[in-house]
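# Coordinate analysis (summary)
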Amino acid sequence: MKSLLSGLRYVLTICLCAVLLFASFVPSASAQAVVKDKPMANEPSASTTKAAKEYEGAARETIDKGGLQSLEEVRDRTKGGGLNEVQGTAGFYNMKRPSNTSADSIEEKIEQGLEKATGKASEGSEKLTKEAKKAQKQAEKQAKKAAKAMDMDD
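Per chain, residue numbering runs from 1 following the sequence as it is written. Residues qualify for local features only when their pLDDT is at least 70, as the model is predicted, and side-chain atom pairs are given and counted only at 80 or more; totals for whole chains, interfaces and linings, by contrast, use all residues. Each side-chain value is derived from all of the structure's non-hydrogen atoms; neither hydrogens nor water enter the calculation.

On to the overall build of the protein. Scanning the protein for helices and strands turns up four helices and zero strands. For helices the rule is a DSSP run of H or I covering at least 4 residues; for strands it is a run of E covering at least 2, with both sets numbered from the N terminus onward. Going from the N terminus to the C terminus, the protein shows its helices and strands as α-α-α-α. Buried positions account for 6% of the 154 residues belonging to the protein. If you take every contact in the protein between residues at least 6 apart in sequence, the share linking residues at least 24 apart comes to 32%. The protein chains shown are the only cover counted for residues, whose accessible areas, like all others here, come from Shrake-Rupley with a 1.4 Å probe. By element, 60% of the accessible surface of the protein is carried by carbon and sulfur atoms, the whole surface being about 13700 Å². Accessible area is worked out with a 1.4 Å probe on protein chains only. A residue is then buried under 20% of its type maximum, exposed over 50%, and partly exposed in between. Contact criterion: two residues are considered in contact whenever any of their non-hydrogen atoms come within 4.5 Å of each other.

Here it is in structure tokens:
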């Protein structure tokens, strides 16, 4: 009986080692099976890498020359909407600006909020005016009733 249990223990140990070895091998094997045709969610797109290559090329050119030599050269580099003296206009059209986005600016959002607040305030004042007129009419009626009551008492 003991020899049968020790043999079973030996077979179970071998099976457990095989499962552990297989489990550690499967993730690395599946990682290599990933299709590389389309970029992943966090990988840069082709336009982003193109802009990065433009930046790098402009920076390398400046470094190779030993930096910008004169103020005129800096002005020439930044002419036409350049970002800075190293990049020039590389990637300028990929940047998000109010002219190429459809988002509301801060000023527009503030104006919209003020218009809403002004509209609500005028509605509230109209309600108050109506209520004040009603209260005035009720007060006049009560005053007339009180005056009639006083005349009757005399």
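Here the narrative resumes.
Further remarks concern a nonpolar patch on the surface. Note on patches: the residues involved have over 30% relative accessible area and no salt bridge, like charges join within 9 Å, and the nonpolar side chains Val, Leu, Ile, Met, Phe, Trp and Tyr join within 5 Å. Definition used for salt bridges: Asp or Glu carboxyl oxygen within 4 Å of a side-chain nitrogen of Lys or Arg. Taken together, Leu5, Leu8 and Leu12 make up a surface patch of nonpolar side chains, about 300 Å² in accessible area. Here Leu12 shows up in helix α1 (residues 2–32). Leu12 gets classed as exposed once you look at its relative accessible area, which sits at 53%.

Turning our attention to the state of the cysteines. In this description, the term disulfide denotes a pair of cysteine sulfurs within 2.5 Å. Overall, the coordinates contain zero disulfides when judged by the stated rule. The closest cysteine sulfur to the non-disulfide-bonded Cys15 is located on Cys17, 9.4 Å from its own sulfur. By relative accessible area, which is 44% here, Cys15 ends up partly exposed. With a relative accessible area of 47%, Cys17 lands in the partly exposed category.

A cluster of like positive charges, contributed by Lys133, Lys137, Lys141 and Lys145, occupies part of the molecular surface. The residue Lys133 is located in helix α4 (residues 106–153) in this model. Residue class for Lys133 comes out exposed when judged on its relative accessible area of 51%. Positive residues here are Lys and Arg, negative ones are Asp and Glu, while His and the chain termini are left out of the count. Positions of charges follow a simple convention, taking NZ of Lys, CZ of Arg, CG of Asp or CD of Glu.

Structural measurements only, silent on function.
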